[in-house]
Amino acid sequence: MDNQANSSGASSFTSAMNLDQQGVSFIPQRYVLPPSQRPNIIHHHDEHVLPLPIIDLSNFHDQSRRYQIINEIRNACKEFGFFQVINHGIDESAINEALKAAEEFFNLPHDEKMCLFSDDVHKPVRYGTSLNHARDEVFCWRDFIKHYSHPLPDWIHLWPSNPPSYRKNMGNYAEAVQGLQNKLMEMIFESLGLNPSYLEEEVNGGSQLLAVNCYPACPEPELTLGIHPHSDYGSITVLLQTRSGLEFKNKNNNWEAVPLVEGGLVVQLGDQMEVLSNGVYKSVIHRATVNVDKKRFSIVSLHSFAMDKKIGPAKELVDDNHHQLPKCYNEFSFREFLQFISNNDITKERFLDTLKIMK
Ligand SMILES: O=C(O)CCC(=O)C(=O)O
Ligand SMILES: [Fe+2]
């Protein structure tokens, strides 16, 4: 295999970003997917089913409005496993500054970024490219930087110091999203019939991992993907995209594009939410495509409950005596998740399936 990363710092490694800068006119073989996994089959949304959900969060403190929002969230989570939010309360300037910091970071010289390279999922800050062998990071046309972000003072001093505005701008955005996820979690719990302050401590003390993704322009976008199909492991993910490219797998197992909504953020359910809801909600399987002439960025805030909290189906949603819902999943903590993904090649399988209680 060419340009293999090496353990001493991967100096000979070539990232997708680097290939783009070199102006390659075809993609190296290692990025070419088997035909069945290529992104060319897009199924347009069927007019007869619910439209892809966009939920307006304005006035959510107003009781009747909140009731309506919670209904919309319930429908979206049951039908799709994700929704987009608008009027979510995060300033446009905070978003734009975070995106600018991301762009400046990825424009740094290759060698400078490679100083942060690691494929160890336990590292609190790591720059990564397509050669990492975790399930969402195999041969894709993507460079990323991932860092823990909550509580901010514990982590921010480890973040990139270049560009100089990175910590401040990305930090402001991370804090704003953390606030939004608290609100969203309350509403999602309420939509499940749970108390809005359910697991409050584990939500507040949970982890936030920011994945800042850069998908360079790609000379052969029909042959590869920016990120391979996966579900996120945690509770919810809040995703900002600069152009369309995110796709999800619908109930008929077809890929559909998540349209770009100006000023909107995508909220996706992760595996922990599927377990907590006892399968009432499903985590969403998603992927990202790349395009021929434009770079795409996403800033993805991956939230999970407190590291060592074992998450199982909420007991309110399981009743062996008289309700219909049997317990469907075993309990697990986020730390166990990380341990599992670092020890196993799970490119083909949802980790979640290993938690299912066999009947
Ligand atoms: O960039 C995207 O649209 C998807 C990124 C993603 O799924 C992730 O970072 O987990
Ligand atoms: Fe994801």
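To start, this report covers the structure provided alongside it. (Residues numbered from 1 in each chain as written. Chains lettered and ligands numbered in written order. Predicted model: local features only at pLDDT ≥ 70, side-chain atom pairs only at ≥ 80, totals over all residues. Heavy atoms only, no water.)

1. A short note on the sheet that holds strand 11 (residues 286–288)
For step 1, the next point in the chain: Taken in spatial order, the 4 strands line up as 6-11-8-9 in an open sheet, and their pairing is antiparallel. Looking at which strands have only one partner, the edges of the open sheet turn out to be strand 6 (227–230) and strand 9 (255–257). Across the sheet, the mean angle separating the axes of adjacent strands is 25° when strand polarity is ignored.
For step 2, the next point in the chain: With 3 bridges joining them, strand 8 (residues 246–249) and strand 11 adopt antiparallel strand pairing. Across the sheet, Glu247 pairs through a bridge with Arg287, a residue of strand 11. (Pairing = 2+ DSSP bridges. Helix = DSSP H or I, 4+ residues; strand = E, 2+ residues; numbered from the N terminus. Axes fitted to C-alpha atoms, helices over the stretch in contact; angles between N-to-C directions.)

2. Structural notes on the pairing of strand 10 (residues 265–269)
Within a regular strand, side chains alternate between the sheet's two faces.
For step 1, the next point in the chain: For strand 10, the tally of buried residues reaches 5 of 5 residues, placing the bulk of the element in the interior.
For step 2, the next point in the chain: With burial as the criterion, each face of strand 10 is covered, one bearing Leu265, Val267 and Leu269 and the other bearing Val266 and Gln268.
For step 3, the next point in the chain: Two elements, strand 2 (residues 82–86) and strand 10, share 4 bridges in a ladder whose sense is antiparallel. Bridged to Phe83 within strand 10 is Val267.
For step 4, the next point in the chain: Alignment of strand 7 (residues 236–241) against strand 10, held across 4 bridges, turns out to be antiparallel. Across the sheet, residue Leu239 finds its bridge partner in strand 10, namely Val266. (Buried < 20%, exposed > 50% of the residue type's maximum accessible area, 1.4 Å probe, protein only.)

3. What to know about the environment of Gly312
For step 1, the next point in the chain: Position of Gly312 among the secondary structure elements: in the loop between strand 12 (296–304) and helix 9 (334–343).
For step 2, the next point in the chain: With relative accessibility at 11%, the residue Gly312 sits in the buried group.
For step 3, the next point in the chain: In the structure, Gly312 is positioned 120 residues away from Leu192 in sequence and 15 Å away in space, judged by C-alpha atoms.
For step 4, the next point in the chain: The residues contacting Gly312, other than those within four sequence positions of it, are Val275, Leu276 and Glu331. (Contact = heavy atoms within 4.5 Å.)

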